[in-house]
Amino acid sequence: MTDKGISLAVIKRLPRYYRYLGELLENDVVRISSKELSEKMQVTASQIRQDLNNFGGFGQQGYGYNVEYLYTEIGKILGLDRKYNIIIIGAGNLGQALANYTDFERRGFKIKAIFDINPRLIGLSIRGIEVRMMDELEEYVKKEEVHIAVLTIPKTKAPKVAQDLVSWGIKAIWNFAPVDLNLPKEIKVENVHLAESLMRLSYDLKTMQENEENQETGL
């Protein structure tokens, strides 16, 4: 449970609500019922109502939800009405791809600097952000206001870099390195393990194929 008594499962569904409501706004949809929203999201209407009731409900009986209002309020709950400065550690393919993803800035996440150990990357600019060397990282973090550090570096390097970042004042880490970080509990870490996600998809695909094979053989 979260500090406010709201389950982590509910919190994890909020970005999905936000995304669908954004798509509805783009299509000029003014209002929507929980039933209509459930059909789009493949979540029961009851679950949607329960989730949103954790934050006050937002709906009106007989009317449903005002899409723009609900979109704005969920954005506030997610902290998207604030601005966050981000640095990326690792200017390889993944780090550059993240730096090139312009939608982050639309959500209030501003990439301020990129760091790497490869001297051949000196002078490389990604959307106007120049790659800096790792020996500049400590001074930058201590001098500038940085809210989130993104790790796109090898797993052998990530634990030490993460510990250094925390010692310099970083409170939130978006970790793409395939390793668990042993950090103080008050540090917020969001792990994105791409290989593990692909393995889960592999398991689902294997299970589906096995079920189809069993049906064909009559087992």
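Residues numbered from 1 in each chain as written. Predicted model: local features only at pLDDT ≥ 70, side-chain atom pairs only at ≥ 80, totals over all residues. Heavy atoms only, no water.

## Focus: the overall build of the protein
Using the following cut-off: Where helices and strands are cited, they refer to DSSP runs of H or I of at least four residues and of E of at least two residues respectively, numbered from the N terminus. Relative accessibility thresholds used throughout: buried, under 20% of the residue-type maximum; exposed, over 50%; partly exposed, between the two (1.4 Å probe, protein chains only). Here, residues are in contact when the closest pair of their heavy atoms is within 4.5 Å. All accessible-area figures derive from a Shrake-Rupley calculation using a 1.4 Å probe, and residue coverage is judged against the displayed protein chains alone. His residues and chain termini do not enter the charge count, which takes Lys and Arg as positive and Asp and Glu as negative. Lysine's charge is taken at NZ, arginine's at CZ, aspartate's at CG and glutamate's at CD.
In terms of regular secondary structure, the protein is built from nine helices and nine strands. Seen through its principal axes, the protein has C-alpha atoms that stretch 60 × 55 × 35 Å. Taking all 219 residues of the protein together, the buried fraction comes to 37%. Of the contacts made within the protein by residues no fewer than 6 positions apart, 55% connect residues no fewer than 24 positions apart. Per element, the accessible surface of the protein, about 14100 Å² overall, is 49% carbon and sulfur. The centroid of the 29 positive side-chain charges in the protein is displaced by 4 Å from the centroid of its 30 negative side-chain charges.

## Concerning the pattern of salt bridges
Selection criterion: A side-chain nitrogen of Lys or Arg and a carboxyl oxygen of Asp or Glu constitute a salt bridge if their distance falls within 4 Å.
Under the counting rule described, the total for this entry stands at ten salt bridges. Where Glu73 meets Lys76, a salt bridge forms, and the shortest distance between an N and an O atom there is 3.4 Å. Placement of the pair is Glu73 and Lys76 together in helix α4 (residues 67-77), with a separation of three residues, close to one helical turn. For Arg106, the salt bridge identified is with Asp103, shortest N-O distance 2.7 Å. Taken as a pair, Arg106 and Asp103 lie in helix α6 (residues 103-106) at a separation of three residues, close to a single helical turn. Put simply, Asp103, Arg106 and Arg107 are held in one network by salt bridges that share partners.

## Focus on the environment of Lys188
In this structure, Lys188 sits in strand β9 (residues 188-191). A relative accessible area of 56% means that Lys188 is categorised as exposed. Residues Lys188 and Lys171, spaced 17 residues apart in sequence, show a C-alpha to C-alpha distance of 6.2 Å.

## Here's the deal with the sheet that holds strand β3 (residues 84-89)
Our working rule: At least two bridges found by DSSP between two strands are what make those strands a pair. For every element, the axis is a line fit to its C-alpha atoms; helices are fit only across the contacting stretch, and the angle between N-to-C directions ranges from 0 to 180 degrees.
Reading across the sheet, the seven strands line up as β5-β6-β4-β3-β7-β8-β9 and stay open at both edges, with mixed pairing between neighbours. Two strands in the sheet have a free side with no partner beyond their single neighbour: β5 (125-126) and β9. Of the pairings in the sheet, the one linking β3 to strand β4 (residues 109-116) comprises six bridges and is parallel in character. Within β4, the residue paired with Asn85 across the bridge is Lys110. Along the sheet, helix α8 (residues 158-167) makes contact with β3, β7 (148-151) and β8 (172-175), crossing β7 at roughly 170 degrees.

## Overview of the nonpolar core
Inclusion rule: The set of buried Ala, Val, Leu, Ile, Met, Phe, Trp, Tyr and Cys residues whose side-chain atoms join them within 4.5 Å is what this entry labels a nonpolar core.
Counting 23 residues, the largest nonpolar core has Ile87, Ile89, Leu151, Leu165, Ile173 and Leu181 as the members making the most contacts within it. When residues of this core are traced back to their parent elements, those giving at least two are β3, β4, α7 (137-143), β7 and α8.

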